[in-house]
Amino acid sequence: MKKIKLSLIVILFTGINYLNSQEQTSLSQENVSVELVLKNYLKAIGGEDAIEKVQNKIQKTSMVSVMNFGGNTTTTKSKMIQSFTKDGKMVSISGVNDDFSSYIYFDGKKGYTYLKAFKNKTPFTPEITSMYKKIKIFPTDFDLSTYDENVATEKFNGEDCYVLNQVSNPAGTEMKTQLYYSKETGLLIGSKVKTDQMESVTYITDYKEVDGILASFQQTSKSELAGGNSMSSSLRIVDLEYNGNIGPYFKEDYKLAAKQIASIDAANSAHNEKLSSLASVNLDDISSAKSISNSTSSPTENKVNFGSNKRDLALKAYLENKNRETSSSTVTSASTVSSTGKKTDVEDLEKEYNDFKDLKYRRSSLYTMMINDAKRERNNIIRNSFGNSELSPKFNDHNIGPYLIEGEGAQKDQTKNIENYLNRNNIAKELVAKWFNRSPDGYFNMDLIAERGQYNASDLSNQIANSSIRGNALLKDAGTELIGNTFLIVYDYKYTNKEKSAKKRGGFLNAVSSVASFIPGAEDVVTVANTAKIASDVVGKGYYIVTTTYLYQLVWDDETANTFYEKYWIDASNADPKKRDAFDKTDLFKLKYVGSEVSRNNLQSTIFTTKSNDQLIEIATVRAIDKNIGKLQRTFEEFRVKTPLLSGDPISAKIGTKEGIEKGDRFEVLEQTIDEEGITSYKRVGVIKVDSKNIWDNAYLSEEQEIATVKEPTKTGAVTKGIGSALSKKIPYLSLFNKKKKNKKKKKKKVKKIKKEEEQKEKLEYTLFKGKGKYASGMLIRQIN
């Protein structure tokens, strides 16, 4: 969903900029051109003289989006403040409802995004930087090369319009846009956008004059998304100011940003009215210029019920690619899940730490799948949460298109079902094909191996060309360090509805006495009726989650490698149809079953959290991915990853609760050496232990507790909090009602101390370790318990 949301934001954002950007010239059908239509628009909104006087712009907007996803309807209310300067600086502050959520800063050359949920800054990539450099208050110097030179004429929203067709690539996604300019007024009154993920129409209305410049104060959009989903949005400008005081918005003060977001009036009634007007809109009925339609006919559709998450979209592309193949049953597969945060290549590490330039940090490679049970309650939520999850940067992303194994979920042993799927679909061979970048013609190359292992690709290829068997140490090292550390994990989720279970066993009545036993004197604080209500809400709502993960490893031993290089290897300079066909037919490659792990979680809803059940399931699904990877690493030594130290004094590393780090965990510190033949080996130089008071909490949405308590304005509130804590921790909580004042003071001091420690932990973006010896940033550590 991230790409879909980005595309929608770009559509709306682009529309706003166009609204404040175009010259009204006398146009006739004979002299109309793209350039004249754009100049006509500039004149229509006020002319270049008025535009030239604008040094900055402050724009406050509110937006309501209604998404129909998998049969469920979700309404999101958001706000945004955008500040632009004539010299290219920009700040964008966003929030959901009245809550501040993100801050984007761009100084004209570089920028970053701050997300409140993760409390960190992410620098712009070169691609994002390039995109922001093109954003201007009024883009008067249009890049005509991005437009189709032909100008169409069509009706839009009842008006005769000139239609300009444009192709762009925001965030690497091709976007085809039609812009509708009214023949009568010259104003931009609508747009239609098409990407591989969606088709959208936007109505641009409610023009008002501000300082001699016309601007649209309302944009209403309807989008059809992949998988039969849809979205309607109403964006309204609440306040627009030119040449104002922009200083407060560039202060990089997130508390101030939160206040600024909260001050925006959402104007819900106006949004509701506009959204209602979209109910009868059918995108198929809106005329569409020929240049926006996809010229390539799609191949025969594979009978798969595609959703709109990232893995579904990648799967669709994968199957379309396979359907186009005529000469080979195995094709090159693109990566399907992007790593979160910064990708830490060796080159990146060298920039940060100059003392280990020769380090070759090789990650294990991972492919993830899940059991797809269409009959499972809220299966679409689980599937899309999994499909949109991000792969840990501790692994190389080795996902190929398919990620669903059909079957009945929550079975005691899924190995037979999984292995039948893996064998039937030649998954082991597909993983090998991805390692060697196999092309549709059957050619291999060493580019991916060279990239991940920091080798020279031509050196590796030469070794293969000079020998019919893999006798060279360099190839052996690459096989041992990289290909042999390729893993597959299959997740099987079981969600048990607590309300249904409670009703079946009469849990509501039993809960009353259970709650009372945890709370001394509860009958003196709340009535029996209130206690019963609280008990039913606590025990009868939410889910029990059991997640089982099955771990497999690609077999890449000497025999397999020798056979591959001798019998199947061909490249662009050495075509051999017989070897190509032999690879297509071989069953040489295997995955071995390593073992499984199980994790259990308890999700509570209603009075103890503001999250809906769907949101809680999404959080739990993503957390289980990381949690079970951590459990598998503890259990199976071959799956344990190596991680570079961030620093040697203090001893620290960028791993935490997401990787399953716990109090008492021990790690060996490894010194990497490479011998004359190119073989990599690791020597233990020490053992370190996790500092239990300084473990980085980097779990997905770590600030969202699975059981979130409410405020305590009254004693009843305190009881409610006590019940939540008691039920989750199984310990008495409300002893504060039976303590003396002296003990209360001690408790307050203890609470303050704990709070202070928690605040210190929140600031950490790494875990600290204790241990003797001298260590340096870049040394590798691996868990040993």
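Small disclaimer: the values here were computed from a predicted structure and weren't measured. (Residues numbered from 1 in each chain as written. Predicted model: local features only at pLDDT ≥ 70, side-chain atom pairs only at ≥ 80, totals over all residues. Heavy atoms only, no water.)

Asker: Describe the pattern of salt bridges, listing the residues and the values that go with them.
Answerer: Here the structure, examined in full by the defined rule, presents 18 salt bridges. Close ionic contact of K631 with E597 constitutes a salt bridge, the shortest N to O distance being 3.9 Å. Taken together, the positions of K631 in helix 21 (residues 613-635) and E597 in strand 19 (residues 591-603) put the pair 34 residues apart, joining distant regions of the chain. Note that R634 and D665 form a salt bridge whose closest N and O atoms lie 2.6 Å from each other. One end of the pair, R634, is in helix 21; the other, D665, is in the loop between strand 21 (651-653) and strand 22 (666-674), and 31 residues separate them in sequence. Given the relative accessible area of 22%, R634 is considered partly exposed. Salt bridges sharing partners connect three or more residues here, namely R362, D477 and E481. (Salt bridge = Lys/Arg side-chain N within 4 Å of Asp/Glu carboxyl O. Helix = DSSP H or I, 4+ residues; strand = E, 2+ residues; numbered from the N terminus. Buried < 20%, exposed > 50% of the residue type's maximum accessible area, 1.4 Å probe, protein only.)

Asker: Report on a positive patch on the surface, specifying residues and quantitative values.
Answerer: Positive charge collects at one region of the surface, where K663, R666, K689, K693 and K770 lie side by side. Residue placement: R666 occurs in strand 22. Note on R666: relative accessible area 37%, which makes it partly exposed. (Patch = residues over 30% accessible without salt bridge, like charges linked within 9 Å, V, L, I, M, F, W, Y side chains within 5 Å. Areas by Shrake-Rupley, 256 points an atom, 1.4 Å probe, with all protein chains shown as cover. Lys, Arg positive; Asp, Glu negative; His and termini not counted. Charge placed at Lys NZ, Arg CZ, Asp CG, Glu CD.)

Asker: Kindly report on the nonpolar core, identifying the contributing residues and their values.
Answerer: F436, M446, I449, W556, F564, Y565 and L591 are the most contacted members of the largest nonpolar core, which has 41 residues in total. In terms of residue count, the dominant contributor to this core is helix 11 (residues 427-435) (six residues). Among all residues touching M446, those that are not within four sequence positions of it are F436, A457, L460, S461, I464, L475, Y565 and W569. Of all hydrophobic cores here, the second largest spans 38 residues; its members include V32, V34, I204 and Y242. (Core = buried A, V, L, I, M, F, W, Y, C linked by side-chain atoms within 4.5 Å. Contact = heavy atoms within 4.5 Å.)

Asker: So, the confidence of the model for the protein chain: which residues are in play, and what are the values?
Answerer: The predicted model of the protein chain averages 75 in pLDDT, with 70% of residues at 70 or higher. Note on residues 285-304: pLDDT under 50 across the span, and 35 contacts to partners over four residues away in sequence or across chains. (pLDDT = per-residue confidence, 0-100.)

Asker: Please set out the packing of helix 19 (residues 558-568) against helix 20 (residues 577-585) residue by residue, giving values where relevant.
Answerer: Running from N to C, helix 19 and helix 20 cross one another at 140°; their axes reach a closest spacing of 9 Å. In terms of orientation, helix 19 and helix 20 fall into the oblique class. Residues F564, E566, K567 and Y568 of helix 19 touch helix 20, and the partners they reach there are K579, A582 and F583. Grouping the amino acids of the contact of helix 19 with helix 20 by side-chain chemistry returns four nonpolar, no polar and three charged. (Axes fitted to C-alpha atoms, helices over the stretch in contact; angles between N-to-C directions. Parallel < 35°, antiparallel > 145°, perpendicular 65-115°, else oblique. Nonpolar A, V, L, I, M, F, W, Y, C, P; charged D, E, K, R; others polar.)

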